[in-house]
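# A closer look at the structure
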Amino acid sequence: MASEFQRRKVAGVFTAMDTDRRGHLIEADFDALAARWTVLRGLEPGTEDHERLRAIMLGWWSSLSAAAADAEHVTLDDVLTVVDVLPTMLDAVSVTADAMFEAIDENRDSHISRAEYRRLIEAWNGRPTDTDEIFARLDLDGDGHISQQEFRSLWTQFWVGDDAAAPGTWVFGRLAEEEST
């Protein structure tokens, strides 16, 4: 069972996606996230990069809806049920991390830059966001970018971990209670 800390982390991601505040996610929420992200990146519909981002977001929807009590309405508890089994599926977590890394790495240079990370977070939460302090926490070796291996580690810390001090806690930006302080 997810800890209270894990619930808070995942609730932040869930809330960012539930833009209509209906208390559950629907496929359109994943489409909307893909649309925000592709617009921020200036990707035209039908292009390879546009379709790749959309496929990643809709892949998440497919996985979550398949595990949900109601396949058309994914609740926070449904997401947490999936999170509970992720420690036994570390290979799947890594595959998801790699797909996400590929989506964030706009110029395909095998690194996530500060600007690429900022666009991810702004697409995720739908508003301009200062991410410089968070990026510094995520840049594990301090070289000015996030490598694929660093991202895989951070992604795993977020989805599987229960340590508030772990850098991966901030992979989706500040937790909601931190933003208000």
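A few points on the structure. (Residues numbered from 1 in each chain as written. Predicted model: local features only at pLDDT ≥ 70, side-chain atom pairs only at ≥ 80, totals over all residues. Heavy atoms only, no water.)

### So, unusual backbone geometry
With a phi close to 55°, R21 is a non-glycine residue in the positive phi region. Positive phi values are uncommon outside glycine, yet S110 reaches one of about 70°. Relative to the assigned elements, S110 resides in the loop between α5 (90-104) and β1 (111-112). (Helix = DSSP H or I, 4+ residues; strand = E, 2+ residues; numbered from the N terminus.)

### Let's talk about the nonpolar core
Among the nonpolar cores identified, the biggest contains 50 residues, and W37, M100, W124, F151, W155, W159 and F172 are the most heavily contacted of them. For this core, the secondary structure elements donating two or more residues are α1 (4-17), α2 (27-40), α3 (48-67), α4 (76-85), α5, α6 (114-125), α7 (132-138) and α8 (148-160). Here this core gets 7 residues from one element, more than from any other, and that element is α3. Setting aside residues up to four positions removed in sequence, W159 forms contacts with V10, V13, V83, L86 and F172. (Core = buried A, V, L, I, M, F, W, Y, C linked by side-chain atoms within 4.5 Å. Buried < 20%, exposed > 50% of the residue type's maximum accessible area, 1.4 Å probe, protein only. Contact = heavy atoms within 4.5 Å.)

### Overview of α1
Taking 1.5 Å per residue, 14 residues should reach 20 Å; α1 reaches 20 Å between its end C-alpha atoms and fits that length. Residues F5, Q6, K9, V10, V13, F14, A16 and M17 constitute the buried set of α1. Lining the buried residues of α1 we find α2, α4, α6 and α8. (Expected span 1.5 Å × (residues − 1).)

### Points about the packing of α2 against α6
One way to put it is that α2 packs onto α6 with a least axis distance of 8 Å and a crossing angle of 140°. Of the possible angle classes, the one that applies to α2 and α6 is oblique. The way α2 lies across α6 gives a crossing that is right-handed. Between α2, through L33, R36, W37 and L40, and α6, the contact on the second element is made entirely by R119, L120, E122, A123 and W124. (Axes fitted to C-alpha atoms, helices over the stretch in contact; angles between N-to-C directions. Parallel < 35°, antiparallel > 145°, perpendicular 65-115°, else oblique. Left-handed = near helix turned anticlockwise from the far one by under 90°.)

### Details of the environment of A97
Tracing the sequence through the fold places A97 in helix α5. Along the primary structure A97 and R152 are separated by 55 residues, whereas in three dimensions their C-alpha atoms are 5.3 Å apart. Those residues in contact with A97, other than ones at most four positions away along the chain, are F151, R152 and W155.

By themselves, these are just geometric observations and shouldn't be taken as functional.
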